[in-house]
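Single-letter residue listing:
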Amino acid sequence: MPSVLQRLFQHKLATVGAIVLLLLVFAALFAPWLAPNNPEDVHPEASLRGPSRQFPLGQDPSGRCILSRMLYGARASLSVGFLAGVISLGVGIIMGSLAGYFGGWVDLLIMRVAEVFMTIPQFLLVIAAVAIVGPSFTSVLVIIGLSSWTGYARVLRGEILSIKQKPFVEAARAYGSSSWRILLRHVLPNCLSPLIVMVTLNVASVILLESSLSFLGFGIQEPQASWGSILSQGRAYFQSAPHVATFPGIAIMLAVLAFNLLGDGLRDALDPKLVEGE
Amino acid sequence: MKRLVVLLIALSLLLTGCGGGGAKTSDTFIYALDADIVNLLPVKLTNVVSTTVSTQIHEPLVKYEDTYDEFVPKLATEWSMDPSGLSWTFKLRTGVTWHDGEPFTSEDVKYTYETLLDPATKSVRRANYQIIKSIETPDEHTVVFHLSEPHGPFLDKMSQVPIMAKHHVSKVGLDDYNSKAIGTGPFMMVEWIPDDHVTLKANPNYWGGKPAIENVIFKPIPEASVRAMALQKGEVHFASGLTAEDFEKVLDKGNVQGIVVDSLAFAYFGHNNRNPLFADKRVRQALAYAIDGESIVNDVRKGAAIVSVGPISPTNAVWFNPNVKQYPYDPEKAKELLAQAGWQVGSDGFLTKDGKTFSFSVILAAGDEVMRNQAVLIQKWLKDVGVDLKLEFLDWSVMNDRLDNREYEAMMLSMTPSPDPDQFNYWHSTAIDNGFNDWCYSNVQVDRLLEQGRRETDPAARKAIYDEVQAILAEDVAAVFLYHPKVLGGLNKNFTGMTEGPAGQAPLLYKVKPVK
């Protein structure tokens, strides 16, 4: 039986997605070595200048190197994506397994809370929360993380509801295992694959969310950059200096597309029905 | 007037302009406003957009027209102050009629000022006029103002209140006046369609002669880029408050003539002087040395500004004092001054003193790209000398609350003073709680001079007083003065004669003529 990874790499688009992501992660990790200039150095006299040898992707309104800012911005954008993804996954797993496994009033309470969360558009919720707490890297991260757990919780709850009826769970219970042991050792590991797919898709949407926040000025604050904040600054000069908005826009698009391709690939690779079929 | 007013004034200065009818006949002039009018009632004028329209309909006793140092007679033809400085007598123009044909008399002047001073009117401008103790009307064409103390800027104050018709306003009331406005001015109200347009037509019986253009249409167009496009296409004949980039593009087309106005506004980086961080004068001077005002003027404003040394612009030549301490960009000097003030470079590159990092945040309005760009530069320049500046971009409503409550370590804005140097409302310590002293600046010597300058009526003596005020403000770095913006506008070449009045004053549309 081919491993998940092998099956993933048979999926061409997923492979492309994975490679793009690896490149982006590489760029983010090694930004200080890759960046041709200090991302905070201003050259006011060279405001909005197009690509040149010293500034391969041109300069922003303050004359800062856009390539360098994008490399450093990749750190912000990707780490918000990953970390907020991890936070929401963590919260989602806790909430979803409590609700699914224990049922009863715990289930009722958690699911109603989740529904309340879902009735409010996430973007508005995040903006309101950021406006209260004040925009910063950490607050954006935590707020996005805490506001996107509901999807995980719902999926996980559904999975657990079906798995906990399976004979092997009953066997474990008959054997005298504690609830926690059953949940952690027997139930959860069997529900993870849909979650993994969700994470990749969720990271992509978190990156978009962060970009939108930064676009509106609620995200990463100057002098730090994220792709969204550079894009936002470029919007005002879209006619006179299109390079400012174009490059970060392409980066956002690539990252989100890559995560989505990878997510699709993972879904196929992890699909238990396909595994059984082979 | 509140801060919003100041903002609107600044904005509308940017935006005032007029357009000539490209598509329409050449006797209709279309003028792009940056917002819809709010209230045309002369005693309730609070923003430049409303003032722009209202002053075409109504006229004050005297007015600044082409220069900042001379009052032009409008509804008053002669005026004099008695030697004590406690009363002013105005001789009114004879033969002037309101738009409905009724004669204009001294009763109208008295009524206007009494309405302004009546607390029930709730005019935000009332506080500025409380020096008026009583108003007498010995005959139909004479008005005498009695003051509680001599007041240097009295004529300046008179220039800011257009006169309204007693017989009309007492009938129609103060509310809902806009479309019923009646004045003595060169243009008469035709209609106001909210958020769409205001139409005026020439007053055939204007005492100064019927204006050359028959109709004026004011169109509110809030987006600067849309105004620029409308001007380029000839949809409006005058638009202003254009960005430097748009301005160049519009002029390239050849059907528009550029109109650049040096505004009296001053843009600043304002630290909160109440904050102990800025208590040491050397620290404030270091901030001034660390910020490159010239680069902001050339690179951010693209030359559309004048480097500033204080709150009075060199354009206001009569009152401007060039001999004040200046702070050319000099980061080394800034570091030196900060070191003298006891700030040491810490391990993270930022300055520390008594275990605290030199870090503060500046609030500024979100959405203004020019402000943002200059803030980014200032942040970097301050970082270069070891100061950690954080930028807080705020929505206007939040920003206003923070300003009203003086809740900030620093703020970046601009103010538009009137041509008279009496900036009591900006720099006097009582204006911290009851005025526009957003810098929370307090200096007994400046307080005394400002009080003295207001009471003084001899121009030469006032000049000496305000020269000293400017020198102290600069030496003290009451704020880091950045620049005086130029307002970029354009006039369709089918029209000529467009002049914007001096800063804060409305454009003089009665001077506009169609070409040919």
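In this text the structure is predicted, and so the values were computed from the model without any measurement.

**Remarks on the overall build of chain A**
For step 1, the next point in the chain: When helices and strands are tallied, chain A shows 14 helices and zero strands.
For step 2, the next point in the chain: Listing each helix as α and each strand as β along chain A from the N terminus yields α-α-α-α-α-α-α-α-α-α-α-α-α-α.
For step 3, the next point in the chain: Across its three principal directions, the C-alpha atoms of chain A cover 75 × 45 × 30 Å.
For step 4, the next point in the chain: Counting the 278 residues in chain A, one finds 46% classified as buried.
For step 5, the next point in the chain: Across chain A, contacts joining residues at least 24 apart in sequence account for 73% of those joining residues at least 6 apart.
For step 6, the next point in the chain: As displayed, chain A offers around 13,400 Å² of accessible surface, 69% of which is attributable to carbon and sulfur atoms.
For step 7, the next point in the chain: Here chain A holds 18 positive side-chain charges and 15 negative ones, and the gap between their average locations is 4 Å.

**Observations concerning the pairing of strand S9 (residues 197–202) of chain B**
Residue and element names in this part refer to chain B.
For step 1, the next point in the chain: Where burial is concerned, most of S9 is hidden: five out of the six residues are buried.
For step 2, the next point in the chain: In terms of strand pairing, strand S8 (residues 187–193) meets S9 through six bridges, oriented antiparallel. Across the sheet, residue Ile 193 finds its bridge partner in S9, namely His 197.
For step 3, the next point in the chain: The hairpin turn running from S8 into S9, its antiparallel successor, is three residues long, and Asp 195 in that turn takes a positive phi close to 60 degrees.

**Some remarks on the domain arrangement of chain B**
Residue and element names in this part refer to chain B.
For step 1, the next point in the chain: Along its sequence, chain B is carved into domain 1 (2–55 + 185–255 + 493–514), domain 2 (62–169) and domain 3 (266–486).
For step 2, the next point in the chain: Listed per partner, the contact involves 21 residues of domain 1 and 22 residues of domain 2.
For step 3, the next point in the chain: Both sides together, the interface formed by domain 1 and domain 2 hides about 1,900 Å², and carbon and sulfur atoms give 62% of it.
For step 4, the next point in the chain: There are one salt bridge connecting domain 1 and domain 2.
For step 5, the next point in the chain: Across the salt bridge formed by Glu 65 and Lys 511, the nearest N and O atoms sit 3.7 Å from each other.
For step 6, the next point in the chain: Applying the counting rule to domain 1 against domain 2 returns seven residue pairs in polar contact (both at pLDDT 80 or more).
For step 7, the next point in the chain: Looking at the side of domain 1 that touches domain 2 residue by residue, the class counts come to twelve nonpolar, seven polar and two charged.

**Overview of empty space enclosed by the protein**
Residue and element names in this part refer to chain B.
For step 1, the next point in the chain: A complete count under the given rule lists six cavities of 30 Å³ or more for this structure.
For step 2, the next point in the chain: What the largest cavity holds in volume is close to 60 Å³.
For step 3, the next point in the chain: Considering the residues around the largest cavity, the lining is formed by Thr 55, Gln 56, Glu 59, Lys 63, Glu 65, Lys 74, Pro 186, Tyr 206, Pro 507, Leu 508, Leu 509 and Tyr 510.
For step 4, the next point in the chain: Residues of the lining of the largest cavity, tallied by class, amount to six nonpolar, two polar and four charged.
For step 5, the next point in the chain: Both domains that furnish three or more residues to the lining of the largest cavity are identified here as domain 1 (2–55 + 185–255 + 493–514) and domain 2 (62–169).

**Focus on the packing of aromatic side chains**
Residue and element names in this part refer to chain B.
For step 1, the next point in the chain: Evaluation of the coordinates by the stated rule reveals 38 aromatic pairs over all chains.
For step 2, the next point in the chain: Centroid distance Tyr 31 to Phe 238: 5.4 Å. Interplanar angle 35 degrees. Geometry classified as tilted. Of this pair, Tyr 31 sits in strand S1 (residues 28–33) while Phe 238 is found in strand S11 (residues 238–240), placing the two residues 207 residues apart along the sequence. For the pair Tyr 31 and Phe 238, one class covers both residues: buried.
For step 3, the next point in the chain: Their ring planes at 55 degrees and their centres at 6.2 Å tell us that Tyr 113 and Tyr 129 sit as a pair that is tilted. Within this pair, whereas Tyr 113 is found in helix H3 (residues 106–117), its partner Tyr 129 is found in the loop between H3 and strand S6 (132–139), the two being separated by 16 residues in sequence.

**Focus on the nonpolar core**
All names here are of chain B.
For step 1, the next point in the chain: In this structure, Phe 29, Leu 61, Phe 90, Tyr 113, Ile 132 and Phe 145 are the most contacted members of the largest nonpolar core, which totals 60 residues.
For step 2, the next point in the chain: With five residues, H3 is the single largest residue contributor to this core.
For step 3, the next point in the chain: When residues of this core are sorted by domain, at least three fall in each of domain 1 (2–55 + 185–255 + 493–514) and domain 2 (62–169).
For step 4, the next point in the chain: Those residues in contact with Ile 132 that sit more than four places away from it in its chain are Tyr 113, Leu 117, Phe 145, His 146, Leu 147, Phe 154 and Met 158.
For step 5, the next point in the chain: In this structure, Phe 269, Phe 360, Ala 410 and Val 480 belong to the second largest nonpolar core, which totals 44 residues.

**Side note on helix H8 (residues 150–163) of chain A**
Residue and element names in this part refer to chain A.
For step 1, the next point in the chain: With 14 residues, H8 extends 20 Å between its outermost C-alpha atoms, agreeing within 8% with the 20 Å of an ideal straight helix rising 1.5 Å per residue.
For step 2, the next point in the chain: Residues Thr 150, Tyr 152, Ala 153, Leu 156, Ile 160 and Ile 163 constitute the buried set of H8. The buried residues of H8 occupy one face: seen down the axis, they fall within an arc of 155 degrees.
For step 3, the next point in the chain: Packing partners of the buried residues in H8 comprise helix H4 (66–102), helix H5 (104–119), helix H9 (167–174), helix H10 (179–187) and helix H11 (192–215).

**Comments concerning the packing of H9 of chain A against H10 of chain A**
All names here are of chain A.
For step 1, the next point in the chain: The N-to-C vectors of H9 and H10 enclose an angle of 145 degrees; their axes lie 11 Å apart at closest approach. Note that H9 runs across H10; the crossing there is right-handed. Contacts from Phe 168, Val 169, Ala 172 and Arg 173 in H9 reach Ile 182, His 186 and Val 187 in H10.
For step 2, the next point in the chain: For the contact of H9 with H10, the residue count by class is five nonpolar, one polar and one charged.

**A word on the pattern of salt bridges**
For step 1, the next point in the chain: As enumerated under the stated definition, the model contains 31 salt bridges over all chains in all.
For step 2, the next point in the chain: One salt bridge in this structure joins Arg 267 of chain A and Asp 264 of chain A, with 2.9 Å as the shortest N-O distance. Highlighted residues: Arg 267 of chain A and Asp 264 of chain A, both in helix H13 (residues 243–270), separated by three residues, approximately one helical turn.
For step 3, the next point in the chain: One salt bridge in this structure joins Asp 262 of chain B and Lys 486 of chain B, with 3.7 Å as the shortest N-O distance. On the criterion of sequence distance, the pair formed by Asp 262 of chain B in strand S12 (residues 256–262) and Lys 486 of chain B in strand S21 (residues 480–492) is long-range, its members being 224 residues apart.
For step 4, the next point in the chain: A relative accessible area of 27% places Asp 262 of chain B in the partly exposed class.
For step 5, the next point in the chain: If you follow the salt bridges from partner to partner, you end up with Asp 60, Arg 64, Arg 69 and Glu 222 of chain A together with Arg 372 of chain B in one network.

**Digging into a nonpolar patch on the surface**
For step 1, the next point in the chain: A grouping of Phe 26, Leu 29, Phe 30, Trp 33 and Leu 34 of chain A is seen on the molecular surface, where their side chains present a nonpolar patch of about 570 Å² in accessible area.
For step 2, the next point in the chain: Elements with a minimum of two residues in the nonpolar patch: helix H2 (12–29) and helix H3 (31–34) of chain A.

**Observations concerning the sheet that holds strand S7 (residues 142–147) of chain B**
Residues and elements named next belong to chain B.
For step 1, the next point in the chain: Across the sheet, which stays open at both edges, the four strands sit in the order S4-S5-S7-S6 with antiparallel pairing between neighbours. Edge strands, defined here as strands with exactly one partner in the open sheet, are strand S4 (76–81) and S6. If you compare each strand with its neighbour and ignore which way they point, the axes differ by 20 degrees on average.
For step 2, the next point in the chain: Pairing between S4 and strand S5 (residues 87–92): five bridges, direction antiparallel. Considered in S5, the bridge of Glu 78 is made with Lys 91.
For step 3, the next point in the chain: Along the sheet, H3 makes contact with S5, S6 and S7, crossing S6 at roughly 165 degrees.

**Considering the sheet that holds strand S15 (residues 344–345) of chain B**
Residues and elements named next belong to chain B.
For step 1, the next point in the chain: Read from one edge to the other, the open sheet built from three strands follows the order S15-S16-S17, with strand pairing classed as antiparallel. Where the open sheet ends on each side, the last strands, each with one partner, are S15 and strand S17 (356–357).
For step 2, the next point in the chain: Both S15 and strand S16 (residues 351–353) contribute to a ladder of two bridges, which runs antiparallel. The residue of S16 that forms the bridge with Val 345 is Leu 351.

Cut-offs used in this document
- Residues numbered from 1 in each chain as written.
- Chains lettered and ligands numbered in written order.
- Predicted model: local features only at pLDDT ≥ 70, side-chain atom pairs only at ≥ 80, totals over all residues.
- Heavy atoms only, no water.
- Helix = DSSP H or I, 4+ residues; strand = E, 2+ residues; numbered from the N terminus.
- Buried < 20%, exposed > 50% of the residue type's maximum accessible area, 1.4 Å probe, protein only.
- Contact = heavy atoms within 4.5 Å.
- Areas by Shrake-Rupley, 256 points an atom, 1.4 Å probe, with all protein chains shown as cover.
- Lys, Arg positive; Asp, Glu negative; His and termini not counted.
- Charge placed at Lys NZ, Arg CZ, Asp CG, Glu CD.
- Pairing = 2+ DSSP bridges.
- Domains from an automatic or database assignment.
- Buried area = accessible area lost by both parts, 1.4 Å probe.
- Salt bridge = Lys/Arg side-chain N within 4 Å of Asp/Glu carboxyl O.
- Polar contact = N/O pair within 3.5 Å; in protein donor to acceptor, adjacent residues only side chain to side chain.
- Nonpolar A, V, L, I, M, F, W, Y, C, P; charged D, E, K, R; others polar.
- 1 Å grid on protein atoms, 1.4 Å probe; cavity = no way out; pocket = protein on both sides within 12 Å on 5 of 7 lines; lining within 4 Å.
- Points joined across faces, edges and corners; volume = space filled by probe spheres on them.
- Phe/Tyr/Trp six-rings, centres within 6.5 Å; stacked < 30°, edge-to-face > 60°.
- Core = buried A, V, L, I, M, F, W, Y, C linked by side-chain atoms within 4.5 Å.
- Expected span 1.5 Å × (residues − 1).
- Arc of directions from axis to C-beta.
- Axes fitted to C-alpha atoms, helices over the stretch in contact; angles between N-to-C directions.
- Left-handed = near helix turned anticlockwise from the far one by under 90°.
- Patch = residues over 30% accessible without salt bridge, like charges linked within 9 Å, V, L, I, M, F, W, Y side chains within 5 Å.

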